[in-house]
Amino acid sequence: MFLIDLLFPKFCLGCGYIGVYLCRSCQNKLKPIESDICLYCKKPSLFGLTHHNCINKLYVDGLVTIYYYNPILKKVIKNIKYRLATEVWQEFYRIIEPQIIKKLGFYKKLSPDFVMQPIPLSKIKYNERGFNQANLISIFFQKFLHFPIINLLVRKREILSQAQVKSKKARYFNTRGVFAIKNKCRDAKFCVSNKNIILIDDVITSGSTVKEAARILKKAGVKKVYVLALAKG
Ligand SMILES: [Zn+2]
Ligand SMILES: [Zn+2]
């Protein structure tokens, strides 16, 4: 046993069981998403591709999510501290099921020239938390996908959850203008030199955050924007 294990014993983030970050019984409670949906009409779609009838030129082209957002994943995603987070993702890497790796392979088949962009946090939120979970999740996905990770988006502010915003108009202004392209990457098309982007996020609920990020990226000249998220709320 290492000294670090004595000082900071590992415990299951789901149930408190000592020795691992995710015990077998909590692992079994993670439910993989079986059928992906179109982000716009919410109806089933193969590999989560946005239907021809639903697509618009500033829209997300496709959405792949891995697990249902259940209480265990919620604990993993929302509560872990940075020191733990890196180790937890390494553990996830060891337990991920072959069918999920196969599912991720869809993006590899789709294009050899993707780059991955983690959804950034606002400066305030980043300083508060000390790290961006989406960055760690990007590194996790990179082990399977091998695409480079880029960082050309900035987040100007956080948004309220869509449930907190009642009217349609307020919802529109809640997400509008949340992201911007970094100054040195103003011409995003040049920045990613004709590559397509996969936005990476921890949890997708309404999808309004990734829709707005896609809008900004496509306005800056990015061709295709897909989304890959660990969980679907
Ligand atoms: Zn457990
Ligand atoms: Zn659709």
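For the structure, see preceding data.
What comes next concerns the included structure. No experiment lies behind these values; they were computed from the predicted model shown.

**Description of the side chain of Gln27**
By the secondary structure assignment, Gln27 is in helix 2 (residues 24-27). When sequence neighbours within four positions are dropped, the list of residues in contact with Gln27 reads Leu22 and Ile95.

**Description of the nonpolar core**
Tyr67, Phe92, Tyr107, Phe141, Ile198, Leu228 and Leu230 are the most contacted members of the largest nonpolar core, which has 42 residues in total. Of all elements in the fold, only strand 1 (62-68), helix 3 (71-79), helix 4 (82-95), helix 5 (98-110), strand 2 (114-118), helix 7 (133-145), strand 5 (196-204) and strand 6 (225-232) reach the threshold of two or more residues within this core. It is helix 7 that provides the largest number of residues to this core, a total of six residues. Excluding anything up to four places from it in sequence, Leu230 contacts Ile66, Tyr67, Leu73, Ile77, Trp89, Ile137, Phe140, Phe141, Asp201 and Asp202. Ranked by size, the runner-up nonpolar core spans 28 residues in total, among them Leu153, Ile181, Ala188 and Ile204.

**Side note on the coordination of the zinc ion (ligand 2)**
Within the first shell, the zinc ion (ligand 2) binds the protein through Cys38 (SG), Cys41 (SG), His51 (ND1) and Cys54 (SG), at distances of 2.1 to 2.3 Å. One way to put it: the four donor atoms around the zinc ion (ligand 2) meet at angles of 94 to 117°, and that makes the site tetrahedral. Read in sequence order, the donor residues coordinating the zinc ion (ligand 2) give the pattern C-x2-C-x9-H-x2-C. Of this pair, Cys41 sits in the loop between helix 2 and strand 1 while Cys54 sits in the loop between helix 2 and strand 1, and the two are 13 residues apart along the sequence.

Basis of the calculations
Residues numbered from 1 in each chain as written. Chains lettered and ligands numbered in written order. Predicted model: local features only at pLDDT ≥ 70, side-chain atom pairs only at ≥ 80, totals over all residues. Heavy atoms only, no water. Helix = DSSP H or I, 4+ residues; strand = E, 2+ residues; numbered from the N terminus. Contact = heavy atoms within 4.5 Å. Core = buried A, V, L, I, M, F, W, Y, C linked by side-chain atoms within 4.5 Å. Buried < 20%, exposed > 50% of the residue type's maximum accessible area, 1.4 Å probe, protein only. Donors = N, O, S within 2.8 Å, 3.2 Å for Na, K, Ca; no water. Tetrahedral: all angles 85-135°; square planar, octahedral: opposite > 155°, others 65-115°.

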